[in-house]
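Next come the chains, spelled out residue by residue.
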Amino acid sequence: LAVFLREPAGTTTTSSSSLVKDSWNGQKAVLRNTLARRVLFVQWGPSLCAAMTESIIVAYCVSEGLGKQAPGLLMACYPLGLIVGDFAVGKGLNPSTRERLVPVLIALLGLPLVAFFASPPLVISMACVFLSGTGFSYGLGVQRLFVEAVPEAMRGQSFAVLGAGMMTVQGLGSL
């Protein structure tokens, strides 16, 4: 473990106050970048809505009398759909096609869930949540835009802002 925690030769340590200041200034710079900010919101918005939907799965299953295993089965369908969608879109489509399909994939994230208004049986519900999960592959279509929107020196910080924002909106969506 010590080998991984050791600083590489030739690096200097900064004080924690300048580290915090540099981090804060970097985040502000990312958020001031109009294109980067737009791409961040495109990434965060659908995830907010999906988290809202996912947060009511247990209540839905109880109200519909779908059984004790239903919430776990439905919640497992989201990541399974995400994996399949990311693989299919990431391996099967070129970058320009992915970018053109972003609106369609975002729609796929939400449209299958409309079926829940009809109180479908568990198997149909699972298929709808799985299909919805595949829509998360929209993120692959906006990643290149995000990378190109920020200067190379700020990319690490930019992805930290993206990740922190994603976790924040998912938490807010669940709330």
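On a predicted model such as this, the values are computed, not experimentally measured, just so you know.

*Asks:* Honestly, the overall build of the protein in this entry has me stumped. Any pointers?
*Replies:* From N to C terminus, the protein includes 10 helices and 0 strands. Element order for the protein, N to C, with α for helix and β for strand: α-α-α-α-α-α-α-α-α-α. A fraction of 75% describes how many contacts in the protein between residues 6 or more apart in sequence connect residues 24 or more apart. For the protein, the accessible surface area stands at approximately 10600 Å², while carbon and sulfur atoms represent 69% of it.

*Asks:* What exactly am I supposed to notice about the environment of Phe-41 here?
*Replies:* Residue placement: Phe-41 occurs in helix H3 (residues 34-55). As a C-alpha pair, Phe-41 and Met-166 span 125 residues in sequence and 9.5 Å in three-dimensional space.

*Asks:* Just to check I follow, could you spell out the packing of aromatic side chains for this structure?
*Replies:* How two aromatic rings sit relative to each other is given by the distance of their centres and the angle of their planes. As enumerated under the stated definition, the model contains 4 aromatic pairs in all. On the numbers, 5.0 Å between centres and 80° between planes, the contact of Tyr-60 with Phe-116 is edge-to-face. Placement of Tyr-60 in helix H4 (residues 57-64) and of Phe-116 in the loop between helix H7 (102-110) and helix H8 (122-134) is noted, with a sequence separation of 56 residues between them. On the basis of relative accessible area, Tyr-60 is assigned to the buried category, the value being 15%. When the centroid spacing of 5.1 Å and the interplanar angle of 90° are considered together, the rings of Phe-146 and Phe-159 count as edge-to-face. Here Phe-146 is found in helix H9 (residues 138-149), whereas its partner Phe-159 is found in helix H10 (residues 155-174), with 13 residues between them in sequence. Taking relative accessible area as the criterion, Phe-146 reaches 1% and is therefore assigned buried. The exposure class assigned to Phe-159 is partly exposed, which follows from its relative accessible area of 34%.

*Asks:* Help me understand the layout of surface pockets in this model?
*Replies:* Summary: where empty space remains is shown by rolling a probe the size of a single water molecule over the atoms. Within this model, the largest pocket holds a volume of roughly 390 Å³. Around the largest pocket, the lining is made up of 20 residues, and of these Ser-47, Leu-82, Phe-136, Met-166 and Gln-170 lie nearest the centre. Mapped by element, the contributors of at least two residues to the lining of the largest pocket are H3, helix H5 (70-92), H9 and H10. Looking at the lining of the largest pocket element by element, the count peaks at 6 residues for H3. Looking at the second largest pocket, its volume works out to about 230 Å³. Lining the second largest pocket are Thr-53, Ile-56, Ile-57, Tyr-60, Leu-74, Tyr-78, Leu-113, Phe-116, Phe-117 and Val-129. Listed by contribution, the elements that provide at least two residues to the lining of the second largest pocket are H4 and H5. Considered class by class, the residues forming the lining of the second largest pocket number 9 nonpolar, 1 polar and no charged.

The rules behind these values
- Position numbers for residues start from 1 in each chain and track the written sequence from start to end.
- With the structure being a predicted model, the display of local features is reserved for residues of pLDDT at least 70 and the display and counting of side-chain atom pairs for 80 or more, all residues being used for whole-chain, interface and lining totals.
- Hydrogens are left out, water is left out, and the side-chain values use all remaining heavy atoms of the structure.
- Numbering goes from the N terminus for both helices and strands, where a helix is a DSSP run of H or I of at least four residues and a strand is a run of E of at least two.
- By definition in these notes, contact holds between two residues if any of their heavy atoms fall within 4.5 Å.
- Per-residue accessibility takes into account occlusion by the displayed protein chains alone, with areas from the Shrake-Rupley method and a 1.4 Å probe.
- The rule is short: rings of Phe, Tyr and Trp, with Trp giving its six-membered ring, pair when the centres are within 6.5 Å, and they are stacked under 30 degrees, edge-to-face over 60, tilted in between.
- Only protein chains enter the area calculation, which uses a 1.4 Å probe; residues under 20% of their type maximum are buried, those over 50% are exposed, and those in between are partly exposed.
- Definitions used for this entry: grid spacing 1 Å over protein atoms alone; cavity, a set of points where a 1.4 Å probe fits but cannot get out; pocket, an open set with protein on both sides within 12 Å along at least 5 of 7 lines; lining residue, one with an atom within 4 Å of a point.
- Grid points are joined across faces, edges and corners, and a volume is the space filled by probe spheres set on the points.
- Under the grouping applied here, Gly and all other residues not named as nonpolar or charged are polar, the nonpolar ones being Ala, Val, Leu, Ile, Met, Phe, Trp, Tyr, Cys and Pro and the charged ones Asp, Glu, Lys and Arg.

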